[in-house]
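Architecture and fold: a report
Each chain is listed here by its residues.
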Amino acid sequence: MLPEIELDRTEELLPIFALGTWAIRDPRAMERTIRRAIDEGLWHIDTAEMYEGAEEIVGRAIRGRRDEVFITTKVMPHNASFRGTIAALERSLKKLKTDYVDLYLLHWYDGSHPLGETMEAFAYLIEQGKVAYAGVSNFSVKEMEEALRYLKIVNNQVEYNLDNFREVEEELLPFAEENGITLSGYLPLWRGAWPTGERMEVLKSVARKYGMTVPQVVLNFLTRHRKIIVIFKTENEDHLMENLKSVEFEVEPEDYRRIEEAFGRG
Ligand SMILES: NC(=O)c1ccc[n+]([C@@H]2O[C@H](COP(=O)([O-])OP(=O)(O)OC[C@H]3O[C@@H](n4cnc5c(N)ncnc54)[C@H](OP(=O)(O)O)[C@@H]3O)[C@@H](O)[C@H]2O)c1
């Protein structure tokens, strides 16, 4: 079983990983990979109205298995007026072929609509039973503070990889933990744009020491505190299995330090 994290102060336990669905190349492969992921204990699927075709693919993949999965989807900021949010959620539900989503996020905040209005729509949708939990994405500490004035948000989904882990762990995480917000991190594998030079050499050297692959080293590092949900995307079942196994390796603190030093500098 994958290690689990509590969606803070909700008693809802989620796997340490979620499966992303952005920029799907092969819908059938993605559908197969989602089904395999659920079989393997990765039952949190991340999608968004913005990811073209993704909600439909998730809907097909979870047919007959709705109770087994936790679905996160997102409203785009330009749709996030009170009425617009409700309409966006209805469209997402139709595509996902379900009558509720587990976690509904504001994809990012751009001021198109007052934040209070979006949060009011989230509260209404929770009351209606169409959304279980509300959250945000790409929010700074200041923006999380503002959102909390309107609604008990439980999640902030932010970029999290070896390029920005310090900022996330030292600035966003302490505030989130104090305020009952669980962080989830996207782009952990840089969408396949791997680092080069000395940084890659450090990752390869740690990988060799433990018999791991570079993606496994990266995912093991990002999940080392068991505090942040890490969302990776793959439509390849071998990559899925490789990524899930990354948490099984016990990496020594000195090797984490080598990675921190290589990436934490710039
Ligand atoms: N809230 C936001 O603003 C936001 C922004 C970006 C992303 N997201 C979410 O976060 C998810 C993850 O981010 P992402 O998709 O941008 O990037 P990512 O997970 O960092 O990278 C995905 C890429 O890595 C490859 N990959 C995965 N495992 C691999 C492995 N073991 N070996 C080699 N290649 C591997 C995948 O290709 P294969 O399919 O070939 O494995 C895919 O091309 C998204 O899908 C989306 O759900 C949210």
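Residues numbered from 1 in each chain as written. Predicted model: local features only at pLDDT ≥ 70, side-chain atom pairs only at ≥ 80, totals over all residues. Heavy atoms only, no water.

A separate point is empty space enclosed by the protein. One pass over the structure, following the stated rule, counts one cavity of 30 Å³ or more. As a volume, the largest cavity reaches approximately 30 Å³. Every residue along the wall of the largest cavity is listed here: Pro77, Ala80, Leu106, Trp108, Tyr109, Asp110, Ser112, His113 and Thr118. Partitioned by chemical class, the residues of the lining of the largest cavity number five nonpolar, three polar and one charged. (1 Å grid on protein atoms, 1.4 Å probe; cavity = no way out; pocket = protein on both sides within 12 Å on 5 of 7 lines; lining within 4 Å. Points joined across faces, edges and corners; volume = space filled by probe spheres on them. Nonpolar A, V, L, I, M, F, W, Y, C, P; charged D, E, K, R; others polar.)

What follows deals with a nonpolar patch on the surface. Taken together, Trp22, Met50 and Trp108 make up a surface patch of nonpolar side chains, about 270 Å² in accessible area. Note that Trp22 resides in the loop between strand S3 (17–19) and helix H1 (27–39). (Patch = residues over 30% accessible without salt bridge, like charges linked within 9 Å, V, L, I, M, F, W, Y side chains within 5 Å. Areas by Shrake-Rupley, 256 points an atom, 1.4 Å probe, with all protein chains shown as cover. Salt bridge = Lys/Arg side-chain N within 4 Å of Asp/Glu carboxyl O. Helix = DSSP H or I, 4+ residues; strand = E, 2+ residues; numbered from the N terminus.)

Right, let's talk about the pattern of salt bridges for a bit. Under the defined criterion, the tally for this structure stands at 22 salt bridges. Ionic pairing is found between Glu252 and Lys209, a salt bridge with its closest N-O pair at 3.7 Å. Placement of Glu252 in the loop between helix H9 (237–245) and helix H10 (253–264) and of Lys209 in helix H7 (residues 197–210) is noted, with a sequence separation of 43 residues between them. Assessed through its relative accessible area of 42%, Lys209 is described here as partly exposed. (Buried < 20%, exposed > 50% of the residue type's maximum accessible area, 1.4 Å probe, protein only.)

Moving on, we get to the site of the ligand. Around the ligand, a shell composed of 29 residues is seen, among which Asp46, Leu189, Thr234, His239 and Asn243 lie nearest. A distance of 2.9 Å separates a nitrogen atom of the ligand from a polar atom in the side chain of Gln157. The protein chains hide 90% of the 900 Å² of surface that the ligand would expose on its own. Taking a 2 Å distance to the grid points as the criterion, the majority of the atoms of the ligand fall inside the largest pocket. When residues of the shell around the ligand are traced back to their parent elements, those giving at least two are strand S10 (229–232) and H9. Per-element accounting of the shell around the ligand gives the leading share, three residues, to H9. Of the residues in the shell around the ligand, the class split is 11 nonpolar, 11 polar and seven charged. (Near = heavy atom within 4 Å. Polar contact = N/O pair within 3.5 Å; in protein donor to acceptor, adjacent residues only side chain to side chain. Sits in = over half its atoms within 2 Å of the grid points.)

A separate point is the layout of surface pockets. Each pocket or cavity is described by its volume, and for the largest pocket that value is around 680 Å³. Along the wall of the largest pocket there are 31 residues; nearest its centre are Trp22, Arg191, Phe232, Lys233 and Thr234. Looking at the lining of the largest pocket, the elements that each hand over two or more residues are S10 and H9. Top element by residues in the lining of the largest pocket is H9. It accounts for three residues. Broken down by class, the residue content of the lining of the largest pocket amounts to 14 nonpolar, 11 polar and six charged.

All right, on to the environment of Glu52 then. Tracing the chain through its elements places Glu52 in the loop between strand S4 (44–46) and helix H2 (54–61). The sequence separation of Glu52 and Glu261 amounts to 209 residues, and the corresponding C-alpha distance is 38 Å.

Turning our attention to the side chain of Asn156. Relative to the helices and strands, Asn156 resides in strand S8 (residues 155–159). A distance of 3.5 Å separates a polar atom in the side chain of Asn156 from the backbone nitrogen of Asn138. In this structure Asn156 touches Val136, Ser137, Asn138, Phe139, Met144, Ile181, Thr182, Leu183 and Ser184, once residues within four positions along its chain are discounted. (Contact = heavy atoms within 4.5 Å.)

We now examine the pairing of S8. Within a regular strand, side chains alternate between the sheet's two faces. Counting buried positions along S8 gives four out of five residues, so the element sits mostly inside the fold. You can see the chain leave strand S7 (residues 131–137), run along helix H5 (residues 141–150) and come back into S8, and the turn it takes is right-handed. Note that S8 and strand S9 (residues 182–186) share five bridges and pair parallel. Opposite Glu159, over in S9, you have Tyr186 as the bridge partner. (Right-handed = clockwise from strand over helix to strand, strands pointing away. Pairing = 2+ DSSP bridges.)

Below, the discussion takes up the packing of H2 against helix H3 (residues 82–96). Orientation of H2 relative to H3, taken along the N-to-C sense of each, is 45°, at an axis distance of 7 Å. The angle between the axes of H2 and H3 places the two elements in the oblique class. Here Glu55, Glu56, Val58 and Gly59 of H2 lie close against H3, whose contacting residues are Ser92, Lys95 and Leu96. In terms of residue class, the contact of H2 with H3 is built from two nonpolar, two polar and three charged. (Axes fitted to C-alpha atoms, helices over the stretch in contact; angles between N-to-C directions. Parallel < 35°, antiparallel > 145°, perpendicular 65-115°, else oblique.)

Now for the packing of aromatic side chains. Each aromatic ring pair is summarised here by two numbers: the centre-to-centre distance and the angle between the ring planes. In the structure shown here, the tally under the stated rule is nine aromatic pairs. Between Phe165 and Phe221, the aromatic rings sit 5.1 Å apart at their centres with planes inclined by 85°, giving edge-to-face as the arrangement. Linking Phe165 in helix H6 (residues 165–178) with Phe221 in helix H8 (residues 214–222), this pair joins segments that are 56 residues apart in sequence. The pair Phe165 / Phe221 is uniform in exposure class, with both members buried. Three or more aromatic residues joined by ring pairs make a cluster, and in this case those are Phe165, Phe221 and Tyr256. When the ring centre of Tyr100 is taken as reference, the NZ or CZ atom of Arg66 above it lies at 3.8 Å. Sitting over the ring of Phe221, Arg224 keeps its end group 3.8 Å from the ring centre. (Phe/Tyr/Trp six-rings, centres within 6.5 Å; stacked < 30°, edge-to-face > 60°. Lys NZ or Arg CZ within 6 Å of the ring centre and 35° of its normal.)

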